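Structural description and commentary
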Amino acid sequence: MRFVLCSLLAGLAVAAAVLPLGLLGGSAVRTGAAVWDALPADLATPRAPQITYVYANDGKTLITTFYDENRRDVPLTQIAPVMQQAVVAAEDIRFYEHRGVDSRSVLRALVSNSRGHSQQGASTLTMQYVRNALKNDPSLTPQERVDAGVDTPARKLREMRYAVELEKRLSKQEILNRYLNIAYFGAGAYGIYAASQTYFSKTPAELTLPEAALIAGLLQSPDADNPATGDRAAALQRRSYTLDSMVKTGKITAGEAAVATTQPLVIKQTRPPNNCVDVPPQHTDWGFFCDYFRQWWGRQAEFGANPNERDDALRTGGYKIVTSLDPGVQATALAQSLGVYGYGSARSMPLAVVTPGSGRILAMAVNRHYSLDPNPPQHPSYPNTVNQLVGGGAGVGGYQAGSTFKMFTMLTALEAGMPLSTSFNAPGRLVTKWPGSGPGTCGGRWCPANASPSWMNGNRTMWNAFGRSVNTYFVWLEEQVGVRRVVDMAKRLGIQFRAAGDQAMVARVDDWGSFTLGNASTTPLDLANAYATVAAGGLYCQPLPVVSITDADGKPVSAAAPKCRQELSPDVAAAATDAARCPVGKGSAYGKCDGGTAEAVSGILGGRPIAGKTGSSEYNSTETFVGFTPQVAAAGIAVNADNPNDNVGDAVSSAVNSAVAQTIAATLRGSPVQGFPAPSRARALGR
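Just so it is clear, the model here is predicted, and its values are computed rather than measured.

Each value, and the rule that gives it
Residues numbered from 1 in each chain as written. Predicted model: local features only at pLDDT ≥ 70, side-chain atom pairs only at ≥ 80, totals over all residues. Heavy atoms only, no water. Salt bridge = Lys/Arg side-chain N within 4 Å of Asp/Glu carboxyl O. Buried < 20%, exposed > 50% of the residue type's maximum accessible area, 1.4 Å probe, protein only. Helix = DSSP H or I, 4+ residues; strand = E, 2+ residues; numbered from the N terminus. Axes fitted to C-alpha atoms, helices over the stretch in contact; angles between N-to-C directions. Parallel < 35°, antiparallel > 145°, perpendicular 65-115°, else oblique. Left-handed = near helix turned anticlockwise from the far one by under 90°. Contact = heavy atoms within 4.5 Å. Nonpolar A, V, L, I, M, F, W, Y, C, P; charged D, E, K, R; others polar. Phe/Tyr/Trp six-rings, centres within 6.5 Å; stacked < 30°, edge-to-face > 60°. Lys NZ or Arg CZ within 6 Å of the ring centre and 35° of its normal.

1. Quick look at the pattern of salt bridges
- Inspection of the entire model under this criterion finds 24 salt bridges.
- Note that E97 is salt-bridged to R94, the shortest N-O span being 2.8 Å.
- Since its relative accessible area comes to 17%, R94 is described here as buried.
- A salt bridge links K168 to E165, with the nearest nitrogen and oxygen atoms 3.7 Å apart. Linking K168 with E165, this pair stays in helix α9 (residues 153–169), spanning 3 residues, or about one helical turn.
- For K168, a relative accessible area of 52% puts it in the exposed group.
- According to the relative accessible area criterion, E165 is buried, its value standing at 3%.
- Shared partners join several salt bridges into a network, and the residues in it are D68, R294, D311, D312 and R315.

2. A closer look at the packing of helix α19 (residues 406–415) against helix α26 (residues 570–580)
- The geometry of α19 relative to α26 is characterised by a closest axis approach of 10 Å and an angle of 135° between their N-to-C directions. What the angle tells us is that α19 and α26 run oblique. Between α19 and α26 lies a crossing whose hand is right-handed. When α19 is examined against α26, the residues M407, M410, L411, L414 and E415 are found in contact with a partner set consisting of V572, A575, A576, A579 and A580.
- Among the residues making up the contact of α19 with α26, the classes are represented as 9 nonpolar, no polar and 1 charged.

3. Here's the deal with the packing of aromatic side chains
- Enumeration according to the criterion identifies 23 aromatic pairs in this entry.
- Where W463 meets Y590, the ring centres are 6.4 Å apart and the plane angle is 45°; that geometry is what we call tilted. Within this pair, whereas W463 is found in helix α21 (residues 462–468), its partner Y590 is found in the loop between α26 and α27 (600–604), the two being separated by 127 residues in sequence.
- On the basis of relative accessible area, W463 is assigned to the buried category, the value being 1%.
- Among the residues examined, Y590 registers a relative accessible area of 21% and is labelled partly exposed.
- Members of the aromatic cluster, connected to one another through ring pairs, are F66, F293, W296, W297, F303 and Y319.
- Directly above the aromatic system of F466 lies the positively charged group of K613, at a separation of 5.6 Å from the ring centroid.

This is the structure:
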């Protein structure tokens, strides 16, 4: 009975090599094209998971990679011939002679196994490729992918049928290339590129004979035999087996095999990083940018119907992503942040740099390490954290940015037709229409005051009210245009209301009279990008962390393009810029500036045109500065992100101003000087 069974199975194997796939499947005879169309997708077009590479803006500096399987496809021309020969010798010595199924090997295995001898396999490289491709085919159900690897007669017959058809459609070289890129070599290395890196830290084209023989030998038992985490002695035995097989194929001589056999086994492992916590250890600050990039990716519909699908695409899609992160600008921003507060401070100084007109993010720095490493017991929340302190999100609502929000009130007024010359005799305290209780109220009405009455009170215009940051002027201006329109302006320029308290106020926005004084939470990134809109002549661009994205086939992905819209008229933007030159000590186009809260900034820029605004929240709990030129915008906020009751104090404000200004100056070093356009006389003077 055993003999009869072996004969029947052998006959089926022989038939698999010669009969059409339709007959083997028990269906009506079909044409070759119809059979090909019926094959699983991954046999016609391979879609094995690929590693995604994320680079800085030079396209060369690796930030990190994302993957489920460490795999990167390479063409056969980039795989050493000796590696190709070694795999054929180790796994399918008659690869170039059969047509997908090796009948001779099948018969030999059946006879040996039926006699109770050691189990022998008869899978050709083509059949092994079929098995691997089916296990990775996303069009199959999870159970079907599992079944593809189960050792049963039915699976073997299916592999034979598909292998025969593949051999009709693909050249031997194409099949070999696909196999080398999909096979598992142990130690988490999928495909020959990952295997070469994992064991020898080199590309497949650089592999030597002993190295190629060792890698090829691992295919039989990759987890048990690999020399990195498995049995080194077994790996060497398999190397010897492969070398002997190569002698039989005539690809090497017995002498070459003998020399290769005596070569010592030297493993030099390279493991690619995975995820944002795996950025280079000397650049842990890059993790905050990486984290924002991943948030951004999760919002892009081009990569899937929902965040889970998009994350899966990132980890399996084999993309090459060139981000907008500029390592030089990032290094400057980090140094400036650390100059305000060191790694050992409970207070933080998040700082963001963006490009007007594109929204591309050049830097996201803070005096923290992006890391899951434990913190010292005496300060458990720093210096290591993965909280998004610079861009917000994932539970981080942001920080109050004080008077920087006066920009939104000024823009709303300008858009409503009020010129920069709009005057108001600003009192030391202004009784408003909004109800209030407790401190800061007058007769049941909210009545904000100026921080420095002797310097701020009196007849003011938008120029000197913005320059001196006069609270009562801007609260009055907000009353004229309506707080709802001011909040809408902030939204139009990208300010997000992440904090629960702010969301509650948005729901009853008409009561939010204090909005212009900046008691809503924001982030340095949102703030820098909002001011970048003004710098770009009113062109708002969504914050963008990438320059280019190409898929596994080298095709560009449109998600990398800036997403911009003209949100303000160029003349409104020019007018707001003209007033924003007053705080930093630069004269307006109409010579109307009269005092500023950050006049030292002008000197730091060395005469370059610059505009900006300071901001102090109540009790100086935070200190903020945002500055911009036509080419770059940056914002920084001094804050204790973990303890809002820890007021940073006004003494740090000059350091914050300087940190942002120094970052802008370094970013622009060597680039041409660009000026701001002057607003029209009607927009400036109302006549």
